[in-house]
Each structure stands twice: as C-alpha cells, then as structure tokens.
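As a plain string of letters, each chain reads:
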Amino acid sequence: MNFGRQRYDWLKWKNTIQEELKSLEKRSVFRPIVQTPPNVKPVGYKWVFVRKRNEKNEVARYKARHVAQGFSQKPGIDYDETYSPMMDVITFRYLISLVVFEKLDMQLMDVVTAYLYGELDTDIYMKIPEGLKLPETNTKQQDMYSIKLRRSLYGLKQSRQMWYNRLSEYLLKEGYVNDPICPCVFIKKSNSGFAIVVVYVDDINLIGSPEELSKIAEYLKKEFEMNDLGKTKYCLGLQIEHLASGVLVHQSAYIEKILKRFSMDKAHSLSTPMVVRSLDIHKDPFRPRQDDEDILGPEVPYMSVVGALLYLAQCIRCFTVTCISLK
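The shown structure was predicted, so the numbers you read here are calculated from the model rather than taken from an experiment.

So, the nonpolar core
Okay, step 1: Grouped together as the largest cluster of nonpolar side chains are 42 residues, with contacts concentrated most on Leu153, Val197, Ile204, Leu206, Leu220 and Phe224.
Okay, step 2: Of all elements in the fold, only strand E3 (59-68), strand E4 (105-111), strand E6 (145-149), helix H3 (159-173), strand E9 (193-200), strand E10 (203-208) and helix H4 (210-223) reach the threshold of two or more residues within this core.
Okay, step 3: Apart from the residues lying within four places of it in its own chain, the contact partners of Leu153 are Leu24, Val29, His66, Ala68, Leu116, Met126 and Ser159.
Okay, step 4: Judged by nonpolar contacts, the second largest core, of 20 residues, contains Phe92, Cys182, Val185 and Leu238.

Section: the packing of helix H5 (residues 252-261) against helix H6 (residues 302-316)
Okay, step 1: At a minimum axis separation of 11 Å, H5 and H6 run at an interaxial angle of 175°. One element, H5, and the other, H6, form an angle in the roughly antiparallel class. Packed against H5, whose contacting residues are Tyr254, Ile255, Ile258 and Arg261, the element H6 presents Ser304, Ala308, Leu309, Tyr311 and Leu312 at the interface.
Okay, step 2: Considering only residue class, the contact of H5 with H6 consists of seven nonpolar, one polar and one charged.

Side note on the confidence of the model for the protein
Okay, step 1: The share of residues in the protein with pLDDT of 70 or more is 86%, and the mean pLDDT across the chain is 83.
Okay, step 2: Taken together, the stretch residues 319-327 has pLDDT below 50 and engages in 14 contacts with residues farther than four places along the chain or on a different chain.

Focus: the pairing of strand E14 (residues 246-250)
Okay, step 1: Both strand E13 (residues 238-243) and E14 contribute to a ladder of five bridges, which runs antiparallel. Looking at E14, one finds that Ile240 is bridged to Val249.
Okay, step 2: If you look at the hairpin formed by E13 and E14, you'll find two residues sitting between the two strands.

Some thoughts on the pattern of salt bridges
Okay, step 1: Per the counting criterion, the structure on display carries nine salt bridges.
Okay, step 2: Among the salt bridges present, the one from Lys63 reaches Asp202, with a minimum N-O distance of 4.0 Å. Linking Lys63 in strand E3 with Asp202 in the loop between E9 and E10, this pair joins segments that are 139 residues apart in sequence. Across the pair, exposure class does not vary: Lys63 and Asp202 are buried alike.

What counts and how
- Residues numbered from 1 in each chain as written.
- Predicted model: local features only at pLDDT ≥ 70, side-chain atom pairs only at ≥ 80, totals over all residues.
- Heavy atoms only, no water.
- Core = buried A, V, L, I, M, F, W, Y, C linked by side-chain atoms within 4.5 Å.
- Buried < 20%, exposed > 50% of the residue type's maximum accessible area, 1.4 Å probe, protein only.
- Helix = DSSP H or I, 4+ residues; strand = E, 2+ residues; numbered from the N terminus.
- Contact = heavy atoms within 4.5 Å.
- Axes fitted to C-alpha atoms, helices over the stretch in contact; angles between N-to-C directions.
- Parallel < 35°, antiparallel > 145°, perpendicular 65-115°, else oblique.
- Nonpolar A, V, L, I, M, F, W, Y, C, P; charged D, E, K, R; others polar.
- pLDDT = per-residue confidence, 0-100.
- Pairing = 2+ DSSP bridges.
- Salt bridge = Lys/Arg side-chain N within 4 Å of Asp/Glu carboxyl O.

Rendered as structure tokens:
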C-alpha cells in the first residue's frame, strides 16, 4: 500500500480502494469485531491491484480487491468443497457457432464483486483490516480480536463455489435447467424462444433473442449488481467481432502479448517462419540432444512458450499445432 502511494496513478487506485470498501460494507461481509475464540487462528488479508484490459489489450479500468489469505485455511475445518464449474473454450466456441447459425444475440454481463454474494458454510475469522476501529480496550491487546466473516471473500478456498451455488439456485428458481455435461450452462425454453446463460466466474454471457435477453438481464439485476457490457467482444482471451455476415473470432491481442512477453515483438516476419528440417540427422535442428550439448537453462522459457502456443492452438486451431508437434 505504501509503495502504491508513490505511483503517478495513485489517485485511480485510491478510488478503486474506496469502491471496494463500499462494496464490502454494502454486502455486509463483516460481522462485529469480537474476541478470537480459543484454538482459532484468524486468516490474514492483503490488497491486490489489477489493471483490467479490453480486447485491444488497452487498460480499461483499475481494480482493487481486499483478499483473504486463504492459504492458511485448513481442509475439513475451514472448508470442505472448493470445486466450481467453469466454461471452457470448446464450449464457448460452440455457443458462438450457435449464435451465428440461429441468428441470435450474445450479451456480456459483469457481476460486481461476485464472490461477496456467497454465504459461508463454516465459521471464518479474519485479522482486523486497516481502518476498522477496535472495541474500547488496550491497543496492545489487538491480537486478541478478529472479525468474523458473514459472506465469502476473495481469496478464501470455498469462495468460488459459494458464488456458483448462489447463482445456480437463483437461476434454477426461475425455471432454468442446468446442463449435466457442462454445469456452467443454464438453459430455459419458452413460447417465444429460449435463453442460455453461460457462467465464467463473474462474467456471464447471455444468448438468445433480444426479448429473452432483456428478460434475463432484468431478472439478474434484481438480485445482483451488474454492469451491462453490451455485445460480447472479449471473453476467455478470444476477440469477437460481430459482422453483418457472421462473427469473426481471433486472438491478435493475445498473440501480440506473448510475442512481447518472449521478446519476439521486434522480430522480422516471414511468410514461412518454420525452421526447415534436414534429412541429415547431424544437420537437423530438431535432432535428439547429444551428450556434449547443454540442456536449456531457465533463461530460455521453453515450457512457457509451448504452453502459450498450446492455448493459442486450442482456441483458434491455428498452424501452431504443427510447430509444437516438431518439438
């Protein structure tokens, strides 16, 4: 926090901190400060600052999170289940094709502080955050006090599952059917058509006719504070452009990002960038390592490059599959 005050953009971070504190108070996350029960070790906390980027890799907004240090939680005592289903790239690509084939609309909604809506199923105590006043007592006894959490908080092991359970119950109550194969997809049929709700943590994609999208958006806003981001333009690293003839899906921003990450953004482009292989095993650049050759050190992030290219190949099925298979 002290380091952030010295930054040129501190005022923007300060505003996001105030917004986060207001959200914590509005959601009634904290209970009154109490003495810590015996044999209970309160979890710590910290502030996490993130700059959210749009489909062009530009800074869209600043985000601050008051995060619990869930690594100190003990399984079976502080939490039981942590799993929460999430939409994968293959499912998302199929839904995009469905939008084009059925001539539907796709709308993106962002849930403000989604995790704070989840109800905790266990008693969690946290160290007293800065700014909260202690009961009238000696300040030297501060370690004897903690604050009990009423709702889930970012950083807790079970927070993601608590949020999913809350959202799932709310949608099922309205008549949506949960897909058993992909639990993050909810479908509702009506006389006027159908609506699909696709959940990816706090990003919710709505698919259907304009009338159905209007209905489900209003229904969600009754329970959760949400931002309407309009037509889906960026999700799961995919850039989506809505054209008159269909939908264009690409990852130009992600490609530029990984090129810059691995210092290849200044490299000269070629029409055929792949290294030509040789039938002579001694001249083949992909031959097995010889005994007198050194192993690549940590200064060559080979595995990170392969992982980044694999994700790119999985999302848009480009030629990188061939390049990776040669390694």
